[in-house]
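# Structural characterization, general
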Amino acid sequence: MAQVHPLYLKGLICVSILLSLIPLWCLLVMTDDVQRRWQLSSHFFLLQGNLPRRSRLQALDGTRRGVDFPSLFTSSQTAPHCEPGQLLFILVTSAPGNSEPRQVIRRTWAAREGPTPYQWQSVFLVGQTADVGVTQEIQREQREFGDLLVGNYLDTYRNLTLKVMHGFKWVAERCQPSYILKTDDDCFVNTDRLPEFLQEHNTIKTGLYAGSLFPREKRQVIREPSSKWYVSRQDYLPAEYPPYASGVGYVLSLDAAQRILWAAERVHPIPVEDAYVGILAQEAGIRVKSSARFAKHNVRWRLCNYRYLMVIHHLSPQEQEVAKGNMLRARRACRGGLEVTKWK
Ligand SMILES: *[C@@H]1O[C@H](CO)[C@@H](O)[C@H](O)[C@H]1NC(C)=O
């Protein structure tokens, strides 16, 4: 019987251990990018206990990526001017053809009433349209007012998410205000109170995401393909959205917006803009704050409610004029009462 020298056996064991370690080492050092290019499936990641935990919403196979930010920017349109470091930046989603609501907003809540110690600015977010007449009107408005941020996406309801992501990216990179308000062109914004409130009373300086929340029943994902809010299981698997603020109006601190934008690089967008922001906030570890200062309905608010409310939804152009008048009158008429200084 042939005798194997003990030293030779030890060497053989060492070499085979080393060889078996190579594939494991490869898996551990591979970057995300390589993994994606190689289209590795998700069970591979079970081996990587020491790498950051991946969310079930993140792209693993390279086909369901996050928002493609560079594609949203266009070089052919001039962007609005903004002073860096303002207190508040208001982003207003607007359809290209909505010249009238924009015009009304410019002369109501977006108009500055005398000097103010609080620096704020508002900009309308619009996309591309095939209508030549509307495109010319957009260009005319931009020359006259310079308050349109035109993005490189087709302006449709189901592209609203891209519109808002483009707006956030632009404002977070170029203007860097302390706070961002996202709202819509059928909403009233209390520009007499909101900047002052943020500066003087808000105590949540970082990780702020505040707005009007939906009850749980209204957070069910709609799987009916004919619905305006339809989302497929491929795009978003859970049956219910995490808590999120209505797109009517929500306020983000700059750091919250930046963290939401980072999450958007990885999480596949869904067409429901406000729910998507809620998903991103959850991914980024930001808790949404519920506030009654954002009103989804325009009921007959009493005059002194205009000292409390920050955003009111569903106003006609005539109602915008009335609301503006109330905002200014409330400033003088409602001084006697105690001001509420909390978000709630
Ligand atoms: C969204 O915009 C992109 C880029 O312009 C366009 O290709 C796409 O058809 C639009 N999607 C919808 C649902 O309108």
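What counts, and at which threshold
Residues numbered from 1 in each chain as written. Predicted model: local features only at pLDDT ≥ 70, side-chain atom pairs only at ≥ 80, totals over all residues. Heavy atoms only, no water. 1 Å grid on protein atoms, 1.4 Å probe; cavity = no way out; pocket = protein on both sides within 12 Å on 5 of 7 lines; lining within 4 Å. Points joined across faces, edges and corners; volume = space filled by probe spheres on them. Helix = DSSP H or I, 4+ residues; strand = E, 2+ residues; numbered from the N terminus. Nonpolar A, V, L, I, M, F, W, Y, C, P; charged D, E, K, R; others polar. Buried < 20%, exposed > 50% of the residue type's maximum accessible area, 1.4 Å probe, protein only. Pairing = 2+ DSSP bridges. Phe/Tyr/Trp six-rings, centres within 6.5 Å; stacked < 30°, edge-to-face > 60°. Lys NZ or Arg CZ within 6 Å of the ring centre and 35° of its normal. Right-handed = clockwise from strand over helix to strand, strands pointing away. Disulfide = S-S within 2.5 Å.

## Here we look at the layout of surface pockets
Sizing a probe to match a water molecule and rolling it over the atoms shows the empty space that remains. Roughly 870 Å³ of internal volume is contained in the largest pocket. Along the wall of the largest pocket there are 32 residues; nearest its centre are Y157, K228, W229, G247 and D274. Only α5 (160–175), β4 (179–184), β7 (245–253) and α8 (273–283) provide two or more residues apiece to the lining of the largest pocket. The element best represented in the lining of the largest pocket is β7, accounting for 3 residues. Classifying every residue of the lining of the largest pocket by side-chain character gives 12 nonpolar, 9 polar and 11 charged.

## Quick notes on the pairing of strand β6 (residues 209–213)
Buried residues dominate β6, accounting for 4 of its 5 residues. Direction of pairing for β6 relative to β7: antiparallel, over a ladder of 4 bridges. Note on β7: the bridge partner recorded for G211 is Y250. Pairing of β6 with strand β8 (residues 289–290), which is carried by 2 bridges, proceeds in the parallel orientation. Residue pairing across strands places A210 opposite K289, the latter belonging to β8.

## A short note on the sheet that holds strand β9 (residues 294–295)
Read across the sheet, 3 strands follow the order β5-β10-β9 without closing on themselves; strand pairing throughout is mixed. Both edges of this open sheet fall to β5 (187–189) and β9, since each of them pairs with a single strand only. Pairing of β9 with strand β10 (residues 311–313) involves 2 bridges; the strand directions are parallel. Looking at β10, one finds that F294 is bridged to V311.

## Here we look at the packing of aromatic side chains
One pair of aromatic rings is described through two measures. These are the centre distance and the angle between the planes. Overall, the coordinates contain 9 aromatic pairs when judged by the stated rule. Relative to W170, the ring of F89 lies with its centre 5.8 Å away and its plane at 75°, an arrangement referred to as edge-to-face. Of the two residues, F89 sits in strand β1 (residues 88–93) while W170 sits in helix α5, which places them 81 residues apart along the sequence. Measuring from ring centre to ring centre gives 6.0 Å for F188 and Y306, while their planes differ by 70°; the resulting arrangement is edge-to-face. You can see F188 sitting in strand β5 and its partner Y306 sitting in the loop between β9 and β10, a full 118 residues away along the chain. Pair check on accessibility: F188 and Y306 agree, each one buried. Clustering of aromatic rings is evident, with ring pairs tying together F214, Y236, Y241 and Y244. When the ring centre of Y157 is taken as origin, the NZ or CZ atom of K228, which lies over that ring, is 4.5 Å away. Directly above the ring of F197 sits R293, whose terminal nitrogen or CZ lies 4.4 Å from the centroid.

## Some words on the pairing of β1
With 6 of 6 residues buried, β1 lies mostly within the body of the structure. What you see with β1 is no split at all: L88, I90 and V92 on one side and F89, L91 and T93 on the other are buried throughout. Bridging between β1 and strand β2 (residues 120–128) involves 6 bridges; their strand directions are parallel. Bridge pairing links V92 to F124 in β2. Viewed along the sheet, the connection from β1 through helix α3 (residues 99–107) into β2 turns out right-handed. Direction of pairing for β1 relative to β4: parallel, over a ladder of 6 bridges. Across the sheet, residue V92 finds its bridge partner in β4, namely T183.

## Let's talk about the state of the cysteines
Each disulfide consists of a covalent bond between the sulfur atoms of two cysteine residues. The tally for this structure, following the rule as stated, stands at 2 disulfides. Across a sulfur-sulfur distance of 2.3 Å, C82 and C175 are joined as a disulfide pair. Looking down the S-S bond of the C82 and C175 bridge, the torsion is -100°, so its handedness is left-handed. Here C82 is found in the loop between α2 (32–37) and β1, whereas its partner C175 is found in helix α5, with 93 residues between them in sequence. We note that C82, like C175, is buried.

Purely spatial values, then, with no claim about function.
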